[in-house]
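# Chain and residue survey
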There are 2 protein chains.
Amino acid sequence: MIAEPRPAVPDPAVIDRLKAVVGPQGWLAEPGDIEPYLVETRGLYRGATALVLRPASTAEVAGIVRICAEIRLPIVPQGGNTGLVGGGVPGEDGRNIVLALGRMNRIRRLDADNFTLTAEAGCILAQIQQAADAADRLFPLSLGAEGSCQIGGNISTNAGGVQVLRYGNTRELVLGIEAVLPDGRIWDGLRSLRKDNTGYDLKQLFIGGEGTLGIVTAATLRLFPKPREIATGFVAVPHSAAAMRLFARARAATGDQITAFELIPRIGVEFAMRHVAGVTDPLSQPYPSYALIELSSSSRQAGLEALFGSLLEEALEAGEILDGTIAASEAQRRALWLIREGVVEGQRHEGGSIKHDVSVPVASVAAFLERATAAVTERLPAIRVVAFGHAGDGNIHFNLSQPIGADTAAYLARWGEFNHIVHEIVAGFGGSISAEHGIGRLKRHELTHYKSPVELEMMARVKAALDPYNIMNPGKTVPDPSSLQRPLP
Amino acid sequence: MIAEPRPAVPDPAVIDRLKAVVGPQGWLAEPGDIEPYLVETRGLYRGATALVLRPASTAEVAGIVRICAEIRLPIVPQGGNTGLVGGGVPGEDGRNIVLALGRMNRIRRLDADNFTLTAEAGCILAQIQQAADAADRLFPLSLGAEGSCQIGGNISTNAGGVQVLRYGNTRELVLGIEAVLPDGRIWDGLRSLRKDNTGYDLKQLFIGGEGTLGIVTAATLRLFPKPREIATGFVAVPHSAAAMRLFARARAATGDQITAFELIPRIGVEFAMRHVAGVTDPLSQPYPSYALIELSSSSRQAGLEALFGSLLEEALEAGEILDGTIAASEAQRRALWLIREGVVEGQRHEGGSIKHDVSVPVASVAAFLERATAAVTERLPAIRVVAFGHAGDGNIHFNLSQPIGADTAAYLARWGEFNHIVHEIVAGFGGSISAEHGIGRLKRHELTHYKSPVELEMMARVKAALDPYNIMNPGKTVPDPSSLQRPLP
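Residue positions are counted from 1 within each chain, in the order its sequence is given. Each chain is given a letter, starting from A, and each ligand a number, starting from 1, according to the order in which they appear as written. This being a predicted model, a pLDDT of at least 70 is required before a residue's local features are given, and a value of 80 or more before pairs of side-chain atoms are given or counted; all residues contribute to the totals for chains, interfaces and linings. The side-chain numbers reported here are obtained from all heavy atoms of the structure, hydrogens and water having been left aside.

## Regarding the relation of the copies chain B and chain A
When the copies are overlaid, the least-squares fit takes in C-alpha atoms only where the residue has pLDDT of at least 70 in both copies. When chain B is fitted to chain A, the best match, at an RMSD of 0.0 Å, comes from turning it 180° and sliding it 0.0 Å along the axis. Each copy turns onto its partner about a two-fold axis. Two residues form a contact once any of their heavy atoms are found within 4.5 Å. Both copies share a contact surface, since 100% of the interface residues of chain B are interface residues in chain A too.

## Quick notes on the environment of S434 of chain A
All names here are of chain A. On the secondary structure map, S434 appears in the loop between α15 (415–428) and α16 (444–450). Given the relative accessible area of 0%, S434 is considered buried. Taking the C-alpha atoms as reference, S434 lies 9.6 Å from H423; in sequence the two are eleven residues apart. In the analysis that follows, any N or O atom pair within 3.5 Å is treated as a polar contact, provided that within protein one partner can donate a hydrogen and the other can accept it, and provided that, for residues neighboring in sequence, both atoms belong to side chains. In this structure the side chain of S434 is engaged in a polar contact, spanning 2.6 Å, whose partner is the backbone oxygen of G438. By definition, any uninterrupted DSSP run of H or I lasting at least four residues is a helix, any uninterrupted run of E lasting at least two residues is a strand, and each is numbered from the N terminus. Relative accessibility decides the category of a residue: with a 1.4 Å probe and only protein chains considered, values under 20% of the type maximum give buried, values over 50% give exposed, and everything between is partly exposed.

## Focus on helix α13 (residues 365–379) of chain A
All names here are of chain A. Taking 1.5 Å of rise per residue, 15 residues should cover 21 Å, and α13 covers 21 Å from first to last C-alpha, within 8% of that figure. Those residues of α13 lying buried are V365, A366, F368, L369, A372 and V376. The arc enclosing the buried residues of α13, seen along the axis, measures out at 155°, which places them on a common side. Facing away from the buried side of α13 by over 90 degrees, the exposed positions are E370, R371 and E378. What a helix should span is 1.5 Å times the count of its residues minus one. Summarising the geometry, the arc corresponds to the directions from the helix axis toward the C-beta atoms.

## Digging into the interface of chain B and chain A
Each partner contributes to the interface: chain B provides 87 residues, whereas chain A provides 87 residues. Overall, the association of chain B and chain A removes approximately 7,000 Å² of surface from exposure, summing both partners, and the carbon and sulfur fraction of that is 55%. If you sort the residues of chain B by the area they bury against chain A, K195, N197 and Y200 of chain B come out on top, with a joint share of 15%. Salt bridge, as applied in this entry: a Lys or Arg side-chain nitrogen positioned within 4 Å of an Asp or Glu carboxyl oxygen. For the pair chain B and chain A, the interface holds ten salt bridges. One salt bridge in this structure joins D393 of chain B and K195 of chain A, with 3.4 Å as the shortest N-O distance. Element by element, the count of residues in the side of chain B that touches chain A is highest for helix α17 (residues 453–466) of chain B, at ten residues. As a working rule, the residues Ala, Val, Leu, Ile, Met, Phe, Trp, Tyr, Cys and Pro are called nonpolar, Asp, Glu, Lys and Arg charged, and the rest polar, with Gly in that last group. Taken together, the residues of the side of chain B that touches chain A break down into 34 nonpolar, 32 polar and 21 charged. Accessible surface is computed with a 1.4 Å probe, and the buried area is the amount of it that two parts give up when combined, taken over both parts together.

## Notes on the pattern of salt bridges
Residue and element names in this part refer to chain A. Applying the stated criterion to the full structure yields 70 salt bridges over all chains. For K203, the salt bridge identified is with D201, shortest N-O distance 3.0 Å. The pair formed by K203 and D201 is uniform in burial state, with each residue classed as buried. Its salt-bridge partner being E270, residue R266 comes within 3.2 Å of it at the nearest N-O pair. With R266 and E270 both in helix α10 (residues 266–275) and four residues apart, this pair spans about one turn of that helix. Taken together, the salt bridges that share partners define one network made up of R106, R108, E120 and E178.

## Considerations on the environment of A406 of chain B
Mapped onto the secondary structure, A406 of chain B falls in the loop between β19 (395–401) and α14 (408–412). Each C-alpha atom, one on A406 of chain B and one on G351 of chain B, is 8.4 Å from the other, the two residues being 55 residues apart in sequence.

## Structural notes on unusual backbone geometry
Residue and element names in this part refer to chain A. Despite not being glycine, N81 shows a phi value in the positive range, around 55°. The topology assignment puts N81 in the loop between β3 (75–78) and β4 (97–100). With relative accessibility at 17%, the residue N81 sits in the buried group. Residue N470 is not a glycine yet carries a positive backbone phi of 50°.

Okay, here's the thing in structure tokens:
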């Protein structure tokens, strides 16, 4: 894919040209200033760079990329830097520039009648949610990092979150994109059409492309009618198999108006209660497992609470639930969600946690949980399985907290060992080793094991076709061609 | 993209090798037998071929493609041959083979708990709908040709139809595909996951790729809970602007449970009444324009009829509708749909019809209709505009029936002239010149006018990367590289 050697750290003349593109407000070079751009949330990677560029417009992005293309200087695009697989962090050799989109934060257009919004890549997700809300519309993408992640990053990683069940992943929310290609040309693909069959749907390559094919600079997003009724319940289930039967029942009974179906184990509730202020046990006694279920409708006559009530009655009779509560106020609703969010927060205080962001077919969730729990417990009996997440999408955050009192560093050193155990089971179910977080650096080498050579080769061919000099976020997502079993012709 | 000359009509030794792959039941060569594979529905094209291959398995497809790749013999994949842009018809020079998927018609698996179904490419759409129905599930793709079109063709053209509003285009209904690549290797991408962020989503290239990147041999499709309540109404609207306001109101008021929102002009109803047995005027007097609206829910407690009733009351008060009726029985519901279907059938009996399958942003539908109607009427005052279709998706079949008594051939000779008028207006609204039918041969040259050079070049690069010898359905969809403003490096 790339033949010529990379330049070393960019020379001062290049740095000056790049600075001139963005002007004095558009770059950072002092070690203290660039520090936040070099590390990621979990501290897994620490990169180096001589220059962080912060362009204010698509034209500036294009100007930067043209220079980089000319001298084959790698570019690491970065949004809110909230990613969990190291996709936005530069490599250690410093032979790159970081291109941070945060200053491109305008909402260019909101068309309420068309249920669309066009935002620049650097818009914070919460800012977009609020703009939609102010226009009596809903932008449904919602996830933990929404206060700091940027829409360009959400698109480049095809972010998921808690409302995928009803509204889809980011992919389903994007109608069009604007991108700067690896040669610096701008592609204006900002369509706002529901139907368009005029050739290959190229935006799909950039969605989830993790910045390896170009830089998404803006997008036209789908909006929805704002919910007028929301009903949220927290139910205890005897085991995850019952939870999944409940899910199928709930889909049909509510007319597919389920917005969220989150599985939470007892240990997750305990972690939340222990470490997050305001979290209390939602039911009168402890149960082995729970589901947080939310229904919503833009109709004022949806009668969701009655629907929810009769659903739970039926489920109780069928033995799918043991107990449950439906939020009677917005405050109670917030309290139920606080438990779910507290599962994530709580783990941070329980020592080392080995993470898995996996998915399996929805019908296999219960079987996967059983098998994976048995396998990791057999390897380390005192390990604490905190398996929670978007069970309605088949997406489980299968996280493993260290045994109480164990040495954290020694435990975390076994990350790869437990990944291997869990991912092999996932693969056996035809599942995915990265359901929502992407590949980045963290899982790049695993791809060569879990994807077929023919699929890896197609990825590499597409990459080489659009980024022949491999300057767009090299070292991420696409396995190195030399690692492929069958080299490109 | 392709340098070496094509072989002439394949030589007898090659023909024999290809026949041997599929066995005696798997090929047709007699002129009478191959005739149906050479022409398409509208009679726009008539191709030639020496051999129609009808493989019975993915392995046979792979065997065929390997031979064709070896000698650079072009392959024209064909499904039910119901396409409307000539995408499945071979070229006139006969330097190709036709690969028809009809014998690959097994439903490999139906997993009701997982809401998925895996079907081979040659399954008839109606067969898949019925299989889902028998398992108490819904496969929502529905369109006029459903009794003969094949799912492989639906996928390759990203088919739309009448339920896109609620369930999306074919693209949104496909979880995974199996395809034979242009070198004959099989890609098993048959995943059944709701979330999978492990690199480029390559299936998206094959969906809507019109067979130019490989041959889709099977797919895993999404199923949904079966509707238990359906409410269908036929309302008269004063003009299309009011219809579109009604649509926005209906989305919110019904909790986005609208399955169909079809715009029908008075002339369409008249055509249907005149030419289709059983079609009667749905309301007590004629009105300028109508909308057929359908709500559906898998809940038995959705109360859709009441919801529909109060929606219409509000709309009447707001002046968005003039009159309306809600079907009180399945027979009445069928009768309302018969009108919609009769619009298509009726046009066939009214002389020549110049077709446009266009889309604009939903908020621009009314303005587009006004401007385009004025423009074509100015050019030919007696032209009869039959603009109908999936207005909720912004997708209008802007069809133009010839003036009464005009010479049909002379009228149809002006096809390009009227296309140009309409497509220029579509482009002005940021619309698409092919909302659901695709590009094929019919619109291939127009693409170079309506798509940016940078986008055309990306298409050509992707095509060259995956099909370097240009043997997959050449001459379709992707403009000839020589027509691009900027040649590939």
